[in-house]
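One letter stands for each residue in the lines below.
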Amino acid sequence: MAPTKQLLLLAGAAALPPLIWQQNNSIQLSQYSLRDRRIPSGFDGCRFLQISDLHNKEFGPGQRRLLEVTAAARPDYILITGDLIHDGRDFTHALEWVRRARGIAPIYFAPGNHEKGSRRYRELARRLEELGVCVLHSRGIVLERNGSALLLAGMADPRFYSLEPMGGLLCGFWGFELMDAVVNTAFETDLALLRQAHPGLYTVLLSHRPELLPLYARQGIELVFAGHAHGGQFRLPGIGGLASPAQGVFPAYTEGLCRMKRPGGGPGTVMAVSRGLGGSRLQLRLNNRPEVVLVTLQAR
């Protein structure tokens, strides 16, 4: 082999580890503005920061790099949309970030599928509440700001509605899921009851599952924060994510603001989907950096 080609190969091999590290550890802050006349006027300019799918990943000693991004975003509220921990393993790094981030803004949490699968969810919920986090397990609270109010609701992942010990059914490669229709019906029933308990309030929903956007639209939810898809794991220009749990190959909802009209007409639902921060079964990301999402509300 010619010396020039050898040097090129060596240079490429030397550049690969830093590139892989950057793709999997360099945090991206994605910022969106949501303009909607339905937003209560008192929440104009309100900044929601979304943390999703951390999976107990550590971003520097004491979560320094994740805390820097969190603080730099200047959020009014921090929303955690599930999979803060990773199955039954240690969740020290997750709680370390919570412990330090609680001084930045109030934190609200809704559990994902890995909280259900961990068998340690009750312990996690207790420890989060001890740290001042509001745990929204299929319940809602009314937020008041500048004389206006909205409903902040959180739904437990559909696996919590399953009678199976680990919650839900798994099938196929990489845990692609097949949820029982009874599970989704119970999930939607609870969501409808939440809305009915607070009629007329603009609703911000924390729910781990982006694939349930048609359900959220059917229930008339104005704004949803979701995760779970991990950005499709590997992202290709012009194509997007390649695969995600519950959505399969070429998933529809993996990042950004997604919109869907309500059946029968009327204003639709906007869903902010985070690519997440950590990984579950597959740890490697490609063109899909760990992401924190900031959504700023703009009332017309």
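Refer to the structure above for everything that follows.
Rules behind the numbers
Residues numbered from 1 in each chain as written. Predicted model: local features only at pLDDT ≥ 70, side-chain atom pairs only at ≥ 80, totals over all residues. Heavy atoms only, no water. Pairing = 2+ DSSP bridges. Helix = DSSP H or I, 4+ residues; strand = E, 2+ residues; numbered from the N terminus. Patch = residues over 30% accessible without salt bridge, like charges linked within 9 Å, V, L, I, M, F, W, Y side chains within 5 Å. Areas by Shrake-Rupley, 256 points an atom, 1.4 Å probe, with all protein chains shown as cover. Salt bridge = Lys/Arg side-chain N within 4 Å of Asp/Glu carboxyl O. Lys, Arg positive; Asp, Glu negative; His and termini not counted. Charge placed at Lys NZ, Arg CZ, Asp CG, Glu CD. Buried < 20%, exposed > 50% of the residue type's maximum accessible area, 1.4 Å probe, protein only. Contact = heavy atoms within 4.5 Å.

Q: Can you walk me through the pairing of strand E6 (residues 139–145) in this structure?
A: Along a regular strand, successive side chains alternate from one face of the sheet to the other. Taken together, the seven bridges between E6 and strand E7 (residues 148–154) define a ladder with antiparallel strand orientation. Bridging from a neighbouring strand, Glu 144 pairs with Ala 149 of E7. Count of turn residues in the E6/E7 antiparallel hairpin: two residues, of which Asn 146 carries a positive phi of about 50°.

Q: Is there a simple way to think about a positive patch on the surface in this case?
A: Side chains of Arg 35, Arg 37, Arg 259 and Arg 300 sit close together on the surface and give a patch of like positive charge. Its location among the elements puts Arg 37 in the loop between strand E1 (28–35) and strand E2 (47–51). With a relative accessible area of 63%, Arg 37 lands in the exposed category.

Q: Is there a simple way to think about the pattern of salt bridges in this case?
A: One side chain can pair with another of opposite charge once the charged atoms of both are near each other. In this structure the tally under the stated criterion is 15 salt bridges. Glu 96 is the salt-bridge partner of Arg 100, the closest N and O atoms lying 2.4 Å from each other. On the criterion of helical spacing, the pair formed by Arg 100 and Glu 96 is a turn pair, its members being four residues apart in helix H3 (residues 92–101). We classify Arg 100 as partly exposed; its relative accessible area is 49%. Put simply, Glu 123 and Arg 120 hold a salt bridge, and the shortest N to O gap is 3.2 Å.

Q: I keep staring at the side chain of Ser 274 and nothing clicks. Help me out?
A: Within the fold, Ser 274 resides in the loop between strand E15 (269–273) and strand E16 (291–298). Ignoring sequence-local partners within four residues, the contact set of Ser 274 consists of Gln 50, Ser 52, Ala 226, Gly 227, Thr 254, Glu 291 and Val 293.

Interpretation note: all reported values are geometric properties and have no functional meaning in isolation.
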